[in-house]
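Architecture and fold: a report
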Amino acid sequence: MNKEIKLNIYRFDPEKDKEGHFQEFSVPVKEGMVVLDAVHYVENNLDPSLAVRWNCKAARCGSCAAEINGMPKLMCKTRVDSIGDKISVTPMKAFPVVKDLVTDVSRNWEIAKKIPAFTPKPNLKEPWVIDEIDVSRSREFRNCIECFLCQDVCHVIREHDKNYIGPRFMVKAASLDMHPLDNIDRSKFLHEEGGAGYCNITKCCQSVCPEHIAITDNAIIPEKESIVDSYYDPLTMLFKKLRTKNGK
Amino acid sequence: MENKNSNVLGSIKKAIPELFEPNWRLWSFIAILIFAILALVVFPVKEYKGLIDPFYSPTILVLPVVGLFRLTCYAYRKDYYRNVFNHPQSCAADERGDSNSRGYSGETSLFAFNNLHRYLLYAGIILLPFFYYDFYVSVTYFGGFVLRFASVLILLNAILLTLWVFSCHAFRHVFAGGNVKCYDCSLNPKARKGFFNAQSMLNKRHEDWAFISLVVIILLDLYLRALAAGWPIDFRILQVL
């Protein structure tokens, strides 16, 4: 490996620039260095005006999400020696840029508010008890660190700007739908407001998830199948109606 | 001249990038499709000494159902959305082949037909026993029990098709308990969740089962064609007459 890498960082200052551009920096490489270290080197030694959001540097907070050589990744989890000596770092394209590598992800909080909240079954005895057997399935969804790399890589959000809530919030809906004490079905919301039909299950979200959550297989497809239950499968629809009539 | 040629090549590459991608899944699928149609039309081999061709099991009339089952399968959907329609071609920013200037409706209009996948799954489950029956016919054709290499292939084909069908996401939802909110509320929670977990293990490899099972169908078909054409490769492994 070379002792120096060329780091191409996307720069954009809304107060000065009309559009963004790349700026190249030479950064000395240290053993075990991650891309966030290299960006910090630039910030501390070459250009203190560089804006970058970060917190834990341990892949737990999700703040340093960016696109490294075109792939959405966490800067703190991407080793420099795994990429080569020419590295480009750009902000997440799916979100508006605040400055340089910092993006405004507040759109996600608005989406989160729309998802029908946890609604417990009526007349539950307190304290609420859940068996281990019912917890394990949605446990992987709790690993989400809300880095929004999945939202960034999703072509429906990134290239087509359809009214789709995105992979992160399909996971959120699935974790609520799989809760044993929850009493509502979110398929109506996902189908009519959440734009779940726009997802074409190409699994990019799953492939970029730093927590290795099987987003497509374990959250999106089960939700799409629930939509089939409610909108496309007359047999299941009939079965559901009969169960409701019998009070089950 | 060379420059002009490379420009033409460059423009074709830009227009139809998938022609130049090392995209073995797409190309092998297209090759298999063309081969299968040609073989079935030009040189039909329905059966050779008790060895039934998988395309005729139980009858060639079910081929459209099987084809639609594969077409609406989540594994193949991912493949053709990515590799045929470039929505997106790749997850990487510089190779996506997708843009906001291209129309996109996902599975909200024409491709909403993929939601019928579970009905084709029901048909697939009904068809599976025929492949095991073919194995039975192949080993009992001469009377007694004669295990030929082709019988092993027929059994392998049946097992792989079973793994593909039973690892299906729709199967997971409808039959394996994917639609269940509360496993603890069922009559036998451990068995219910255990079945779901076991099916989920299979489901993790659904894309692999989808492709391997397709390849083995073709290999079996080719082998039976070679036998019908008189190739001396009808090996007997075990014979109890």
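Residues numbered from 1 in each chain as written. Chains lettered and ligands numbered in written order. Predicted model: local features only at pLDDT ≥ 70, side-chain atom pairs only at ≥ 80, totals over all residues. Heavy atoms only, no water.

For the rest of this paragraph, the subject is the overall build of chain B. Scanning chain B from N- to C-terminus turns up 9 helices and 4 strands. The order of α-helices and β-strands along chain B, N terminus first, is α-α-β-β-α-α-α-β-α-α-α-α-β. With the C-alpha coordinates aligned to their principal axes, the bounding extent of chain B is approximately 70 × 65 × 30 Å. Considering only residue pairs separated by 6 or more positions, chain B has 70% of its internal contacts joining residues 24 or more positions apart. Carbon and sulfur atoms make up 70% of the accessible area of chain B, which totals about 12400 Å². One finds the centroid of the 23 positive side-chain charges in chain B at a distance of 6 Å from the centroid of its 16 negative side-chain charges. (Helix = DSSP H or I, 4+ residues; strand = E, 2+ residues; numbered from the N terminus. Contact = heavy atoms within 4.5 Å. Areas by Shrake-Rupley, 256 points an atom, 1.4 Å probe, with all protein chains shown as cover. Lys, Arg positive; Asp, Glu negative; His and termini not counted. Charge placed at Lys NZ, Arg CZ, Asp CG, Glu CD.)

Looking now at the packing of helix α6 (residues 149–166) of chain B against helix α9 (residues 206–228) of chain B. Residues and elements named next belong to chain B. Between α6 and α9, the shortest axis-to-axis distance is 9 Å and the interhelical angle comes to 155°. Classified by the interaxial angle, the pair formed by α6 and α9 is roughly antiparallel. Crossing hand, α6 versus α9: left-handed. Contacts between α6 and α9 involve Phe149, Ala150, Leu153, Ile154, Leu156, Asn157, Leu160, Leu161, Leu163 and Trp164 from the first element and His206, Trp209, Ala210, Ile212, Ser213, Val216, Ile217, Leu220, Tyr223, Leu224 and Leu227 from the second. Looking at the contact of α6 with α9 residue by residue, the classes come out as 18 nonpolar, 3 polar and no charged. (Axes fitted to C-alpha atoms, helices over the stretch in contact; angles between N-to-C directions. Parallel < 35°, antiparallel > 145°, perpendicular 65-115°, else oblique. Left-handed = near helix turned anticlockwise from the far one by under 90°. Nonpolar A, V, L, I, M, F, W, Y, C, P; charged D, E, K, R; others polar.)

What follows is about the layout of surface pockets. Unoccupied space between atoms shows up once a probe the size of one water molecule is rolled over them. Estimated volume of the largest pocket: approximately 1300 Å³. In terms of lining residues, the largest pocket is bounded by 34 residues, among which Lys240(A), Arg243(A), Asn179(B), Val180(B) and Lys181(B) are the most central. Only α6 (167–177), α9 (215–231) and α10 (234–245) of chain A together with α5 (117–140) and α7 (169–174) of chain B provide two or more residues apiece to the lining of the largest pocket. Per-element tally for the lining of the largest pocket: the top contributor is α10(A), with 6 residues. Its residues assigned to classes, the lining of the largest pocket comprises 12 nonpolar, 8 polar and 14 charged. (1 Å grid on protein atoms, 1.4 Å probe; cavity = no way out; pocket = protein on both sides within 12 Å on 5 of 7 lines; lining within 4 Å. Points joined across faces, edges and corners; volume = space filled by probe spheres on them.)

Residue and element names in this part refer to chain B. UniProt records the feature "transmembrane region" (unreviewed entry) for residues 24–43, 55–76, 119–139, 145–166 and 209–233 in the present numbering. Between the end C-alpha atoms of residues 55–76 the distance is 19 Å, and the span holds 55% helix and 0% strand. The span residues 119–139 is 100% helical and 0% strand by assignment, and the distance between its end C-alpha atoms comes to 33 Å. (UniProt positions renumbered as here; feature names shortened; annotations may be inferred.)

This part covers the nonpolar core. Counting 70 residues, the largest nonpolar core has Leu7(A), Val39(A), Leu74(A), Met75(A) and Tyr164(A) as its most contacted members. Both domain 1 (4–103) and domain 2 (107–235) of chain A contribute no fewer than three residues apiece to this core. Among the nonpolar cores identified, the runner-up in size contains 28 residues, and Tyr76(B), Phe131(B), Ala170(B) and Ile217(B) belong to it. (Core = buried A, V, L, I, M, F, W, Y, C linked by side-chain atoms within 4.5 Å. Buried < 20%, exposed > 50% of the residue type's maximum accessible area, 1.4 Å probe, protein only. Domains from an automatic or database assignment.)

Turning our attention to the domain arrangement of chain A. All names here are of chain A. Under the domain assignment used here, chain A contains domain 1 (4–103) and domain 2 (107–235). Relative placement of domain 1 and domain 2: their C-alpha centres are 30 Å apart. Taken together, the contacts link 16 residues of domain 1 with 14 residues of domain 2. Taken together, both faces of the contact between domain 1 and domain 2 bury some 1300 Å²; the carbon and sulfur share is 59%. Considering only the side of domain 1, the residues that lose the most area to domain 2 are Pro72, Ala94 and Phe95, jointly responsible for 38% of the buried surface there. There are 2 salt bridges connecting domain 1 and domain 2. Linking arginine 60 and glutamate 211 is a salt bridge whose minimum nitrogen-to-oxygen distance equals 2.8 Å. Here domain 1 and domain 2 share 5 residue pairs in polar contact (both at pLDDT 80 or more) between them. Those elements giving two or more residues to the side of domain 1 that touches domain 2 turn out to be β3 (65–68) and β4 (71–74). With 4 residues, β4 is the largest single contributor of residues to the side of domain 1 that touches domain 2. Partitioned by chemical class, the residues of the side of domain 1 that touches domain 2 number 10 nonpolar, 1 polar and 5 charged. (Buried area = accessible area lost by both parts, 1.4 Å probe. Salt bridge = Lys/Arg side-chain N within 4 Å of Asp/Glu carboxyl O. Polar contact = N/O pair within 3.5 Å; in protein donor to acceptor, adjacent residues only side chain to side chain.)

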